[in-house]
Amino acid sequence: MTTRSAVTLSHLDALEAESVHIFREVAAQFERPGMLFSGGKDSVVMFHLARKAFWPAPMPFPLMHVDTGHNFDEVIEYRDRVVAETGVQLLVSHVQDDIDAGRVVEDTGVGASRNRLQTTALLRGIQENRFDAVFGGARRDEEKARAKERVFSFRDAFGAWDPRAQRPELWKLYNGNHRKGEHIRVFPLSNWTELDIWQYIEREEIDLPPIYYAHEREVIERDGMLLANTRFLETLPGEEARTELVRFRTVGDATCTGCVESDAADNAAVVAEVAGTRVTERGATRADDRISEAGMEDRKKEGYF
């Protein structure tokens, strides 16, 4: 009698295998999927995993960036370089187009942000490109509303999310059924943590925008956060810029994404730093999550990721 030896995957290999399975499941179930890509670490890892899932064939769907127009220059430069190097199709849905067309009204003044306006640009991009599934890099450990999400998150014809109408996902079985005009948001990184992401980046030697590593930058301190002193940030009387050694834990609209003091200049140092952190990156550095106790959930119900 022969015995079959069990193959035990490492933690990262198991996460990678789950994500690859999700990408292939979407490719089998949907006609026109697309992937959100901001140039942030999670979307970069998601892109890396998607390319692995279909290699040596090209990735069978395009990238879409919802562009607020208030981006970090380093991130846009990185985005364009990745597109040029890989040959992937990039679609850009500009918030400025919705402002110009009068579909949304931009807030002005100190503390104003275009972050909430992304929802209109996102839904317009999904409709214009006729996506029936859209990949996003959200993780459950980031924020409590995202912790409620299934891997396949049903959205109605208005792009809205109902947390009480989630579909069961027993035994990794994903239900992509939807009617015309509806779509599914798909989260291949749902079960990853920030530490998993960084350990994977280190293992796979994934290139990231330089703002994720320690660098000197002019910052403004506001509400306990350090905001980059960019051309998009309007300052209050008495606020003074100072230069600090910082890095970004997450990337978003430059007007509401803070950085943290850090001397972590490479992947190994960032892994060590994240391992000792007890506050999520969104909790520590995203001013847009502080609008209310249920700020993220309210935006998701409106159609946000």
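Now for a quick tour of the structure.

Rules and cut-offs
- The numbering scheme is per chain: residues are counted from 1 as the chain's sequence reads.
- At least 70 in pLDDT is required for a residue's local features to be given in this predicted model, at least 80 for side-chain atom pairs to be given and counted, and no such filter applies to totals for whole chains, interfaces and linings, which use all residues.
- To obtain the side-chain values, all non-hydrogen atoms of the structure were used and water was disregarded.
- Working convention: axes come from line fits to C-alpha atoms, limited for helices to the stretch in contact. Angles between N-to-C directions cover 0 to 180 degrees.
- Elements are defined by DSSP. Helices are runs of H or I of four residues or more, strands are runs of E of two residues or more, and each kind is numbered from the N terminus.
- Just so you know how the angles are binned, under 35 degrees is roughly parallel, over 145 roughly antiparallel, 65 to 115 roughly perpendicular, and the rest oblique.
- Handedness of a crossing follows from how the near helix is turned relative to the far one, being left-handed for an anticlockwise turn of less than a right angle and right-handed for a clockwise one.
- Residue contacts follow a heavy-atom distance rule, with two residues in contact if any of their heavy atoms lie within 4.5 Å.
- Classification used: nonpolar for Ala, Val, Leu, Ile, Met, Phe, Trp, Tyr, Cys and Pro, charged for Asp, Glu, Lys and Arg, polar for all others including Gly.
- Planes of paired rings set the category: under 30 degrees apart is stacked, over 60 is edge-to-face and the rest tilted, where pairs are Phe, Tyr or Trp rings (Trp by its six-membered ring) whose centres lie within 6.5 Å.
- Think of it in three bands: with a 1.4 Å probe and only protein chains considered, a residue is buried below 20% of the maximum accessible area for its type, exposed above 50%, and partly exposed in between.

Quick look at the packing of helix H7 (residues 194-204) against helix H8 (residues 267-275)
Item 1. Where H7 meets H8, the closest approach of the two axes is 9 Å, and the angle between their N-to-C directions is 165 degrees. Compared by their axis directions, H7 and H8 come out roughly antiparallel. Once H7 is placed against H8, the crossing between them reads as left-handed. Across the interface between the two elements, Glu194, Leu195, Trp198, Gln199, Ile201 and Glu202 of H7 pack against Asn267, Ala268, Val270, Val271, Val274 and Ala275 of H8.
Item 2. Of the residues that constitute the contact of H7 with H8, the class distribution is eight nonpolar, two polar and two charged.

Examining the packing of aromatic side chains
Item 1. According to the stated counting rule, one finds 11 aromatic pairs in the structure shown.
Item 2. When the ring of Phe23 is compared with that of Phe135, the centres are 4.8 Å apart and the planes differ by 45 degrees; the resulting orientation is tilted. Taken together, the residues span a long stretch of sequence, with Phe23 in helix H1 (residues 11-29) and Phe135 in strand S4 (residues 133-135) at a distance of 112 residues.
Item 3. Between the aromatic rings of Phe54 and Phe61, the centroid separation amounts to 5.9 Å while the plane-to-plane angle is 85 degrees, which identifies the pairing as edge-to-face. In this structure, Phe54 and Phe61 share a single accessibility class: buried.
Item 4. In textbook terms, an aromatic cluster arises when at least three aromatic residues are bridged by ring pairs, as seen for Phe23, Phe54, Phe61 and Phe135.

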